[in-house]
Amino acid sequence: MKIKTLLYSTIFSVLALHSYGQKAGIVAADKKYERYAYVDAIAIYERVAEKGYKDEKMFQKLGNAYYFNAELPQAEKWYGELFAMNPNQEPEYYYRYSQTLKSVGNYAKANMMLEEFNKKSGNDLRAKLYENNKNYLEIITANSGRFDIADLGINSASSDYGSSFLDNKLVFASARDTGGVSKKVFSWTNQSFTDIYTSEIKAGGEMGKPERFSKKINSKFHESTPVFTNDGQTMYFTRNNYLNSKKGKDNKSITLLKLYKATLTDNQWGNVTELPFNSNDYSVAHPALSLDEKTLYFASDMPGTLGQSDLFSVKINSDGSYGVPMNLGKTINTEGRESFPFISGDNELYFASDGHPGLGGLDVFVSKIGNDNSFGEVQNVGAPINSSQDDFAFLIDSKNRNGFFSSNRSGGKGYDDIYRFLEMRKLICEQLLSGIITDRETGAVLADSKVSLYNEKMELITTTTTNDKGSYKFDVVCGKIYSVRAEKKDYETKEERITINNTTGKTVLSLQLEQRIKPIDVGTDLAKTLNIPIIYFDLDKSFIRKEAAFELEKVLAVMQQYPKMKIDVRSHTDSRATFKYNIALSNRRAKSTIAWLVKNGISTSRLTGKGYGESQLVNHCSDGVKCTEEEHQANRRSEFVIVSMQ
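Please read all numbers here as calculations on a predicted model, not as lab measurements. (Residues numbered from 1 in each chain as written. Predicted model: local features only at pLDDT ≥ 70, side-chain atom pairs only at ≥ 80, totals over all residues. Heavy atoms only, no water.)

## Description of the overall build of the protein chain
Okay, so step 1: In terms of regular secondary structure, the protein chain is built from 12 helices and 37 strands.
Okay, so step 2: Counting over 646 residues, the protein chain shows a buried share of 51%. (Helix = DSSP H or I, 4+ residues; strand = E, 2+ residues; numbered from the N terminus. Buried < 20%, exposed > 50% of the residue type's maximum accessible area, 1.4 Å probe, protein only.)

Here it is as structure tokens:
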């Protein structure tokens, strides 16, 4: 058993105010409330819907409002109304409806929705919770062919693996027995324990003769996988539980792996110390450093591990102490094995895993590290780095794209061999997804909005908050499909899907949020507040159609909520037909609208109205001007202007 497998065998804020501050806040709130009245648009829609009126957009909004607030049974009711009205919806609504159906125990219908979702969304894996990614081989094939690999030229008949850069040298672990020092044999493999060696990387790629590393670092047990600080003065490395000639064991008498630190003094390595989060009861191994050298990454099977071994990170404090190790989470870790982390100069995490879809054994994967230290989508780096055997310990120079990896594939010289490579094309093209969140009506930027990024399977990747300019940004993967969801108090949640460009650069997605709680006062047009674009009448007619009644129900609900409110009904036409005819028609429509409100309980004393014909066009579409139907429709509008609230 090699040291690379030994690891697995053991294997919201509260603000406290003083009484005076509370009273002052209440007074200020009271004054503000006295100046404004508010309409909860969702509540209005729900009251209208409860009366039996049906509208597709309304049902979508009602369903979404409850879905995004995790009130799934209520969302199921309105999504049910949506699909009953029109079963041909966007794919996301099939998925959301299926989730809400599960919340009420209707699994049979939920599965039917998931089947339809799969058909419409390209067989999305959310609907197959326990199934593997069926097209992972196609993805790996697309990622393959980017490397030119070759044998390192200095491998032995024993295990050679786990590389690191130190100036112009490659530092690696080897079980070769070069003699001169008494070596113990590891009984599980009948090989020598691994020591750390160095080899000069010469011009042209030729490797120098391997030499043993420091005698104070190499011991009679395993050493491997060192990593060095940029100044070359500090190293972290893996060793069996052995320090100062004392061997530690767990309760099964097994000597596990630990991480150690050493420093260079007068050109000699020494001062070997054990890291404080080691334990006799679990293994800690294979260190890697972040670019700023303030975070140490490693592999372990310590408590909190999701699988056989996970990747963890720990903060290195300025005083030399360490924080609490943190699991990198389910984006990186699986129920299988994750190990051998490496952070490239491009701030990408490379690691080995047999839990993510691969070609067999351990494969090498990569994930982009975001500005907030979150991890992007995990991608298999493809063949020929990966094979049907164990492939691990990936190392790359981000400047010249040369690097090394280890493998036990067939055709090698020993148990594990080190291979060199040249990356001819990067896998991760760098894309920045950004945008601005604004108020749909006023255009004002919305600072402190919550913006969440989801992958194609609607799994949450990361969340951020807009800055004082209303902007957000995420590091994303080229060619992938994401969903961006924006949320803010008193606004309706909005979500949009976007496909990222396939070339390095920026993708922009700005979102406009609609106020859920909308201010109203004298002069407010309820048609704009409640999104009433037009009161529908048949051509040359003035009686209320069913669609018009749906819109008027919104106005009715507001006037019932505010019994002292008075409004002026204003009807407008486009410029087609004569000016005189349009005045008469709009007057009839205004009177018909008022009559409908009166019939439904509104006193005539609260209503005035007039038709304006084509006298107040909102665009250039006057007589004789050629316009589209959409442009003419903009002029055919109804207004419900508040003239009094008292």
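## Examining the nonpolar core
Okay, so step 1: Met58, Ile520, Leu526, Val558, Met565, Ile567 and Phe640 are the most contacted members of the largest nonpolar core, which totals 53 residues.
Okay, so step 2: Here the element with the most residues in this core is helix 10 (residues 546-561); it accounts for 8 residues.
Okay, so step 3: One finds Ile154, Phe172, Val381 and Ile418 within the second-largest nonpolar core, a separate group that totals 22 residues. (Core = buried A, V, L, I, M, F, W, Y, C linked by side-chain atoms within 4.5 Å.)

## Notes on the packing of aromatic side chains
Okay, so step 1: In this structure the tally under the stated criterion is 23 aromatic pairs.
Okay, so step 2: Ring centres of Tyr79 and Tyr93 lie 6.0 Å apart, and the angle between their planes is 75 degrees; on these two criteria the pair is classed as edge-to-face. With Tyr79 in helix 5 (residues 72-85) and Tyr93 in helix 6 (residues 91-103), this residue pair connects regions lying 14 residues apart in the sequence.
Okay, so step 3: Judged by relative accessible area, which is 0%, Tyr79 ranks as buried.
Okay, so step 4: Here Phe340 and Phe392 contribute two aromatic rings whose centre-to-centre distance is 4.9 Å and whose plane-to-plane angle is 45 degrees, an arrangement assigned as tilted. Taken together, the positions of Phe340 in strand 19 (residues 338-343) and Phe392 in strand 23 (residues 391-396) put the pair 52 residues apart, joining distant regions of the chain.
Okay, so step 5: Owing to a relative accessible area of 0%, Phe392 belongs among the buried residues under this scheme.
Okay, so step 6: Site record: aromatic cluster; members linked through ring pairs are Phe147, Tyr350, Phe394, Phe405, Tyr419 and Phe421.
Okay, so step 7: Arg409 extends its terminal NZ or CZ atom over the ring of Tyr419, reaching a point 5.5 Å from the ring centre. (Phe/Tyr/Trp six-rings, centres within 6.5 Å; stacked < 30°, edge-to-face > 60°. Lys NZ or Arg CZ within 6 Å of the ring centre and 35° of its normal.)

## Concerning the confidence of the model for the protein chain
Detailed reading of the predicted coordinates is not advisable wherever pLDDT falls low.
Okay, so step 1: With 84% of its residues at a pLDDT of 70 or more, the protein chain shows a mean pLDDT of 83.
Okay, so step 2: For the stretch residues 1-23, pLDDT sits under 50, and the model shows 49 contacts to residues farther than four places along the chain or on other chains.
Okay, so step 3: In the model, residues 185-190 has pLDDT below 50 throughout and makes 13 contacts with residues more than four positions away in sequence or in other chains. (pLDDT = per-residue confidence, 0-100. Contact = heavy atoms within 4.5 Å.)

## Points about the packing of helix 4 (residues 56-67) against helix 6
Okay, so step 1: Running from amino to carboxyl end, helix 4 crosses helix 6 at an angle of 55 degrees, the nearest separation of the two axes being 11 Å. Of the possible angle classes, the one that applies to helix 4 and helix 6 is oblique. Our pair here, helix 4 against helix 6, has a crossing hand that is left-handed. Packed against helix 4, whose contacting residues are Gln60, Asn64 and Tyr67, the element helix 6 presents Tyr93, Tyr95, Arg96, Gln99 and Thr100 at the interface.
Okay, so step 2: Looking at side-chain class alone, the contact of helix 4 with helix 6 contains 3 nonpolar, 4 polar and 1 charged residues. (Axes fitted to C-alpha atoms, helices over the stretch in contact; angles between N-to-C directions. Parallel < 35°, antiparallel > 145°, perpendicular 65-115°, else oblique. Left-handed = near helix turned anticlockwise from the far one by under 90°. Nonpolar A, V, L, I, M, F, W, Y, C, P; charged D, E, K, R; others polar.)

## Examining the sheet that holds strand 3 (residues 160-166)
Okay, so step 1: Read from one edge to the other, the open sheet built from 4 strands follows the order 3-4-7-8, with strand pairing classed as antiparallel. The two strands at the open ends of the sheet, each matched to only one other strand, are strand 3 and strand 8 (211-212). (Pairing = 2+ DSSP bridges.)

## Re the packing of helix 5 against helix 6
Okay, so step 1: Put simply, helix 5 and helix 6 touch, their axes get as near as 8 Å, and they point 130 degrees apart. When the interaxial angle is binned, helix 5 and helix 6 end up oblique. Here helix 5 and helix 6 pass one another in a crossing that is left-handed. In this structure, helix 5 uses Leu72, Pro73, Ala75, Glu76, Tyr79, Gly80, Leu82 and Phe83 to contact helix 6, whose residues at the interface are Tyr93, Tyr94, Arg96, Tyr97, Gln99, Thr100, Leu101 and Ser103.
Okay, so step 2: Of the residues assigned to the contact of helix 5 with helix 6, the class counts are 10 nonpolar, 4 polar and 2 charged.

## Focus on the state of the cysteines
Okay, so step 1: Applying the stated rule across the entire model yields 1 disulfide.
Okay, so step 2: Disulfide pairing places Cys621 opposite Cys627 at an S-S distance of 2.1 Å. Across the disulfide from Cys621 to Cys627, rotation about the S-S bond amounts to roughly -105 degrees, and the bridge is consequently left-handed.
Okay, so step 3: Residue Cys621 is classed as buried on the basis of its relative accessible area of 0%. (Disulfide = S-S within 2.5 Å.)

## Notes on helix 6
Okay, so step 1: Here helix 6 is 13 residues long and its end C-alpha atoms lie 19 Å apart, about the 18 Å a rise of 1.5 Å per residue gives.
Okay, so step 2: Restricting attention to buried positions, one finds in helix 6 the residues Glu92, Tyr93, Tyr94, Tyr95, Arg96, Tyr97, Ser98, Thr100 and Leu101.
Okay, so step 3: The positive-phi residue at the C-terminal boundary of helix 6 is Gly105, with phi of around 85 degrees. (Expected span 1.5 Å × (residues − 1).)

## Remarks on the sheet that holds strand 37 (residues 638-644)
Consider a sheet: its strands pair through backbone hydrogen bonds, and that pairing is either parallel or antiparallel.
Okay, so step 1: What the 3 strands build is an open sheet, ordered 36-35-37; its pairing is mixed. Either end of the sheet is taken by a strand with one partner, and the two such strands are strand 36 (607-613) and strand 37. Across this sheet, the average inter-strand angle for adjacent strands is 20 degrees, counted without regard to direction.
Okay, so step 2: Of the pairings in the sheet, the one linking strand 35 (residues 566-572) to strand 37 comprises 6 bridges and is antiparallel in character. Bridge pairing links Asp568 to Val641 in strand 37.
Okay, so step 3: Along the sheet, helix 11 (residues 579-599) makes contact with strand 35, strand 36 and strand 37, crossing strand 36 at roughly 155 degrees.

## Observations regarding the pattern of salt bridges
Okay, so step 1: Tallied over the entire structure, the rule returns 27 salt bridges.
Okay, so step 2: Residue Glu495 is joined to Arg96 by a salt bridge in which the shortest nitrogen-to-oxygen separation is 2.5 Å. Here the residue Glu495 occupies a position in strand 31 (residues 494-499), and Arg96 occupies one in helix 6, the gap between them amounting to 399 residues.
Okay, so step 3: The partner of Arg409 in a salt bridge is Asp391, and the shortest N-O contact between them spans 2.9 Å. Pair noted here: Arg409 is in the loop between strand 24 (402-407) and strand 25 (417-423) and Asp391 is in strand 23, with a separation of 18 residues, a long-range link.
Okay, so step 4: Here Arg409 falls in the buried class, since its relative accessible area comes to 15%. (Salt bridge = Lys/Arg side-chain N within 4 Å of Asp/Glu carboxyl O.)

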